[in-house]
Amino acid sequence: VIEQGQPEHSVITTCAYCGVGCSFEAQMKGDKVVRMVPYKGGDANHGHSCVKGRFAFGYATHPDRITTPMIRDSIDQPWREVSWEEAIGFAAERLKATQAQYGRESIGGITSSRCTNEETYLVQKLVRATFGNNNTDTCARVCHSPTGYGLKTTLGESAGTQTFDSVMKADAIIVIGANPTDAHPVFGSLMRRRLREGARLIVADPRRIDLLNTPHLKDGQHLPLRPGTNVALVNALAHVVVDEGLGDHDFIAARCDTPAYQAWRQFIADTRHSPEATADITGVPAVDVRHAARTYANAGNGAIYYGLGVTEHSQGSTMVMGIANLAMATGNLGREGVGVNPLRGQNNVQGSCDMGSFPHELPGYQHVADTTARERFEAEWGTPIDDEPGLRIPNMFDAAIDGSFKALYVQGEDIAQSDPNTQHVERALSSLDCLIVQDIFLNETAKYAHVLLPGSSFLEKDGTFTNAERRINRVRKVMEPLGGKADWEVTLELSHAMGYPMDYAHPSEIMDEIARLTPSFAGVSYAKLDEQGSLQWPCNAEYPLGMPTMHEVDFPIGRGRFTITEYMATEERASRRFPLLLTTGRILSQYNVGAQTRRTNNQVWHDEDILDLHPSDAEVRGIKDGDWLGITSRAGHTVLRARLSERMQPGVVYTTFHHPDSGANVITTDSSDWATNCPEYKVTAVQVEKVSRP
Ligand code: SF4
């Protein structure tokens, strides 16, 4: 419910939905938000917004909010409301008892891309310093972990290279596996503006996305590839660059590692990567691939933007490296208008990765095996840190089922609903001796929990979020936490109860510690953020006001590293039993599993998930618009209504994942990226049949 009335005062803060990170003026009457007005001084949005940030904030005061801690001895018992002190004491004793019985490695924690940098930093510190292991992971595991791996390997830094505004200097724009007008609407509008001005567009996506309908588009090309064949397509594009001599040899000679380039050149020049040889794999005609490669390479400034349609594949990391190869080969790095730009899904995916959530990396992507880095943290924290990487989320699930992993602290993440192969996740969660869930709602994961700690929304705390362009924005408290404590305060108290006190009076002090320990954040402080409005990391002595465009002079690894990207077919293939390929995505008004947007008036725009399929696939199955369909994969079964759509290609079906009752993740499998275990949400072989109304 949106409170109405005349505002009395306002606070500048940051939207908590997508990775664009729009700034808003929260206009207040007393302690109630009257309206959210897009802030003209916002460096990421310049006064623009979408229907989520502008209207969908009422979830913060929804009656479903959990405001009292709860505990229970086992998951078949009812919840018992208790004081904060009792809940935190109960959680701490259970965690300590678990470690005493099963060992130091038997517990872990999961951070959230919904929470602030400071909160994320504290959770990984809790795991490393208080639990004494590296069993920390983040929900970025299931979205952009391949970006971290792929960009670090090739370019030396796990982040996008450009500002959003840089797109206004692009002459050709490639969008791969992303739908910016729905999922990153403010940036999608900016991109549209550039397209109307004459930039060329190439979309590689199984579905025809709305960007291709931009009015006055000069040259819009759609490469409707088959799900799971991204790497074959990017290799074919790179093959054309090499085969037709379209590369930027000056850039390669000056900026890239020569032996790595020569090995890659020999690999990619092989005719098995040609558009003609790969057309049967990708389904994209060779002539179209050649045209797209020429457009990008000859454009002047070529920019690549990609989303989860790149990362959420069994070859997600390979594809990210393939994109970086293509940008290096054409010299499209290190200036405005070019670059490799992951469009981050959640508000703070970039930040949660930066803050050391991964089990192998301390804040700032410093490996736990790096003795110098580890010793710096040990000196600051006053405790030893394990030099072995800990468990990733899927490893935690497997270890829970095996009986060696027994307790988990989850902050701001509904793993039971958002991770793939729900049945497997539920089995793992129900095997735990202690599950502590900290969230604003009684989510699906809480069904398996022993402790429920009330979370706080973005309106109830101070902190920072880092958006998809590495921009650190301030989050400012506009009202007191409904449960009485902000998330960062709860983590402090849990750590204290376990015998490792952490002492911060305000999140600004946590940021000061981050700056002391993280070279890329060395120049960040709340005072400077307040003065500058925002800062793009790296921000340090060399770049005191941050770095808008990365890799202008050199790469953090010295020279760019071309990497061999062999295409491997996914296990999820169309077969007689499962003849269609399912892929998934979002729509404008809703957000992820809908926990927030479904509790706002945005719900009226989308009250169910629907299965889109091509009319030819519908016809052979006798399916009409609105029919109920049973969708079965090797992992599970769900029921959705049908919508016939020419945006689909024959053989491919599509749905959103905003409603828990439709359970898209009941049918997604546990196939995952070879390097990072990011789930292959974007390709699931399914059978679709008409069923009677459920
Ligand atoms: Fe919020 Fe993203 Fe919309 Fe901006 S574009 S208002 S950050 S959801």
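Refer to the structure printed above.
So, here's what we can say about the structure. (Residues numbered from 1 in each chain as written. Predicted model: local features only at pLDDT ≥ 70, side-chain atom pairs only at ≥ 80, totals over all residues.)

What follows deals with helix 3 (residues 117-131). A rise of 1.5 Å per residue sets the reference length of helix 3, with its 15 residues, at 21 Å; its end C-alpha atoms lie 20 Å apart and thus fit the reference within 8%. Of all the bends in helix 3, the largest measures some 25° and sits at K125. Taken across its 15 residues, helix 3 has 15 buried, putting it largely inside the fold. Downstream of helix 3 by a residue or two, G132 has a phi angle that is positive, lying close to 80°. (Helix = DSSP H or I, 4+ residues; strand = E, 2+ residues; numbered from the N terminus. Expected span 1.5 Å × (residues − 1). Bend = angle between axes of the 7 residues up to and from the residue. Buried ≥ 20, exposed ≤ 12 C-beta atoms within 10 Å, placed from the backbone.)

This next bit is on the nonpolar core. Judged by nonpolar contacts, the single largest core of 94 residues is most densely connected at I173, L237 and I323. When neighbours within four sequence positions are excluded, I173 is seen to be in contact with V167, M191, A199, L201, A303 and Y305. With 66 residues, the next largest nonpolar core counts I88, L492, M511 and L535 among its residues. (Core = buried A, V, L, I, M, F, W, Y, C linked by C-beta atoms within 7 Å. Contact = placed C-beta atoms within 7 Å.)

This brings us to the site of the ligand. In the vicinity of the ligand lie 14 residues, with C15, Y17, C22, C50 and G53 positioned nearest. Those elements that provide at least two residues to the shell around the ligand are helix 1 (51-55) and helix 6 (185-196). Of the residues assigned to the shell around the ligand, the class counts are 8 nonpolar, 5 polar and 1 charged. Two domains each provide a minimum of three residues to the shell around the ligand, namely domain 1 (9-55) and domain 3 (145-342). (Near = placed C-beta within 6 Å. Nonpolar A, V, L, I, M, F, W, Y, C, P; charged D, E, K, R; others polar. Domains from an automatic or database assignment.)

For the rest of this paragraph, the subject is helix 7 (residues 230-243). Because an α-helix completes one turn every 3.6 residues, residues spaced three or four positions apart along the sequence face the same direction. Over its 14 residues, helix 7 extends 20 Å from the first C-alpha to the last, a length consistent with the 20 Å expected when each residue adds 1.5 Å. A large share of helix 7 lies buried, amounting to 12 of its 14 residues. Here helix 7 has its buried residues at N230, V231, A232, L233, V234, N235, A236, L237, A238, H239, V240 and V241. Positive backbone phi, approximately 65°, marks G245, located one or two places after helix 7.

As judged from the 4 bridges shared by strand 22 (residues 610-613) and strand 24 (residues 637-644), these two strands associate in the parallel manner. Among the inter-strand pairings, L611 is bridged to a residue of strand 24, identified as A642. Where strand 23 (residues 628-632) lies against strand 24, 5 bridges are found, and the strand directions are antiparallel. Residue W628 lies in a different strand from strand 24, and its bridge partner there is R641. What sits between strand 23 and strand 24 in their antiparallel hairpin is a turn of 4 residues. (Pairing = 2+ DSSP bridges.)

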